[in-house]
Amino acid sequence: MRMQFLSISQRRTGFAETEYARLAEQEMERARELYTEGWIRQIWHRADTPGACLLWEADDEQQIHERWKTFPFAQAGMTEMSLIPLKPYGGFRPTNPLKSRT
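These remarks concern the structure in this document. Computed from a prediction, not measured in an experiment: that's the story for all the values here.

1. So, the sheet that holds strand E3 (residues 52-58)
Here is step 1 of the chain: Spatially, E2-E3-E1-E4 is the arrangement adopted by the four strands of the open sheet, whose pairing is antiparallel. The open sheet has two edge strands, strand E2 (40-45) and strand E4 (79-85), and neither has a second partner. Pairwise comparison of adjacent strand axes, ignoring direction, gives a mean angle of 20° for this sheet.
Here is step 2 of the chain: As defined by bridge partners, strand E1 (residues 3-11) adjoins E4 across seven bridges and the pair is classed as antiparallel. Looking at the pairing, Phe5 lines up with Pro85 of E4.
Here is step 3 of the chain: Against the sheet, helix H1 (residues 17-36) makes contact with E1, E2 and E3, and its axis sits at roughly 155° relative to E2, the strand it touches most.
Here is step 4 of the chain: Helix H2 (residues 61-68) rests against E1, E3 and E4 of the sheet, and its axis sits at about 160° to E4.

Rules used in this analysis
- Residues numbered from 1 in each chain as written.
- Predicted model: local features only at pLDDT ≥ 70, side-chain atom pairs only at ≥ 80, totals over all residues.
- Heavy atoms only, no water.
- Pairing = 2+ DSSP bridges.
- Helix = DSSP H or I, 4+ residues; strand = E, 2+ residues; numbered from the N terminus.
- Axes fitted to C-alpha atoms, helices over the stretch in contact; angles between N-to-C directions.
- Contact = heavy atoms within 4.5 Å.

Read these as layout, nothing more, since geometry by itself doesn't imply function.
And the structure:
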């Protein structure tokens, strides 16, 4: 059963802006590929620091980690990522089932 996951990434210290710029187009291309393949559902840039938040869909966390390693920034050790498994919000279910009208 497919689940959703939120990954939160940020840049690691010790890398120059030019190093990120050199790999940026490849990073974006890989994100587009994973989006097209149905692994990534949404992507946001972080407003507080350089990095991104991605909404993933997969069977388990391992599938996300395997795909995360294919990003050029991750391969170069330039980013770190936290992964959060998500579950559906229960507050949208009816608390009082509707009675049938006659």
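Let's pick the thread back up.
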